[in-house]
Amino acid sequence: MILKRISIFILATAISIVSFAQDAKNNSVSKNSDHLGINAGFTTGLGLSFRHWHDKFGVQITAIPLKTDNLQFFSAGITGLYSINNHINFRHFLYLGNHMIFYTRKIRDYDWSTGTSTYHTKEAQQYNAGFGYGIELGTKVRFNFMIGYAGYNLLDENFDLLPTAEIGLYFHL
């Protein structure tokens, strides 16, 4: 009788271990994932960011509106992503970023001789685009760093071509 109970206990333990082992996270990497976080980049945008990966391709959308009495600022970026190598703790990828900035600034001019203030507004928009290499590190919280080459202020005749850097912190949803 005792031998039968011990055998049933061992069998039940073995079955439960096997069933939990099947449910445990294995070393496979999810090909589809969503991330939410913050990003700061010259060509990928500034502000709150959402990133979606589907197999090897991904898209990142970043935006933030800011408004005060003297400043209105809007940053919007959309970035295409291509995964080169994907592991549980890191991912290597290529990116193509597009970033549009709009701002209006109220500037105060003070005339000391008369003691009066006058205001004028300065409006501008800027378009930056760039490409390069990026790496994500982490599992649930992912630190993101991208480096590449970009065109700055491409809407102007006097645009610049310079290196670029982007940084982000994302939480896996």
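Note that the structure is a prediction, hence the values are computed from the model and not measured.

Criteria and thresholds
Residues numbered from 1 in each chain as written. Predicted model: local features only at pLDDT ≥ 70, side-chain atom pairs only at ≥ 80, totals over all residues. Heavy atoms only, no water. Helix = DSSP H or I, 4+ residues; strand = E, 2+ residues; numbered from the N terminus. Buried < 20%, exposed > 50% of the residue type's maximum accessible area, 1.4 Å probe, protein only. Contact = heavy atoms within 4.5 Å. Areas by Shrake-Rupley, 256 points an atom, 1.4 Å probe, with all protein chains shown as cover. Pairing = 2+ DSSP bridges. Axes fitted to C-alpha atoms, helices over the stretch in contact; angles between N-to-C directions. Phe/Tyr/Trp six-rings, centres within 6.5 Å; stacked < 30°, edge-to-face > 60°. Lys NZ or Arg CZ within 6 Å of the ring centre and 35° of its normal. pLDDT = per-residue confidence, 0-100.

Observations concerning the overall build of the protein
Within the protein one finds one helix and eight strands. When the helices and strands of the protein are read in sequence order from the N terminus, they spell out α-β-β-β-β-β-β-β-β. Looking at the protein as a whole, 27% of its 173 residues are labelled buried. A separation of at least 24 residues holds for 52% of the contacts in the protein among residues at least 6 apart in sequence. When the accessible surface of the protein is totalled, it reaches about 11,400 Å², and 66% of it is carbon and sulfur.

Some thoughts on the sheet that holds strand β4 (residues 71–86)
Spatially, β1-β2-β3-β4-β5-β6-β7-β8 is the arrangement adopted by the eight strands of the closed barrel, whose pairing is antiparallel. On average, adjacent strands in this sheet sit at an angle of 25° to one another, irrespective of strand direction. Sheet topology places strand β1 (residues 32–41) next to strand β8 (residues 160–172); seven bridges connect them, and they run antiparallel. Note on β8: the bridge partner recorded for Leu 36 is Phe 171.

Things to note about the packing of aromatic side chains
The final tally for this structure, using the stated rule, is four aromatic pairs. Where Trp 53 meets Phe 93, the ring centres are 5.8 Å apart and the plane angle is 70°; that geometry is what we call edge-to-face. In this pair, Trp 53 is assigned in strand β2 (residues 45–54) and Phe 93 in strand β5 (residues 90–111), connecting sequence segments 40 residues apart. In this structure, Trp 53 and Phe 93 share a single accessibility class: buried. Aromatic pair Tyr 110 and Trp 112: ring centres 4.7 Å apart, planes at 80°, arrangement edge-to-face. For Trp 112, a relative accessible area of 74% corresponds to the exposed category. A cation over a ring is seen here: Arg 51 above Tyr 170, with NZ or CZ 4.5 Å from the ring centre. For Arg 91, the ring lying beneath its charged end belongs to Trp 53, and the centroid distance is 3.9 Å.

Focus: unusual backbone geometry
For residues that are not glycine, phi is negative in most cases, and the peptide bond is trans in most cases. Unlike most non-glycine residues, Asp 55 shows phi in positive territory, near 60°. Assignment of secondary structure puts Asp 55 in the loop between β2 and β3 (57–67). Of note, Asn 153 is a non-glycine position whose phi angle comes to about 55°, a positive value. Within the element layout of this structure, Asn 153 appears in the loop between β7 (141–152) and β8. For Asn 153, a relative accessible area of 21% gives the class partly exposed.

Here we look at the confidence of the model for the protein
Here the protein averages 86 in pLDDT, while 83% of its residues score no lower than 70. Counting interchain partners and residues more than four positions distant, the pLDDT-below-50 stretch residues 17–26 has one contact.

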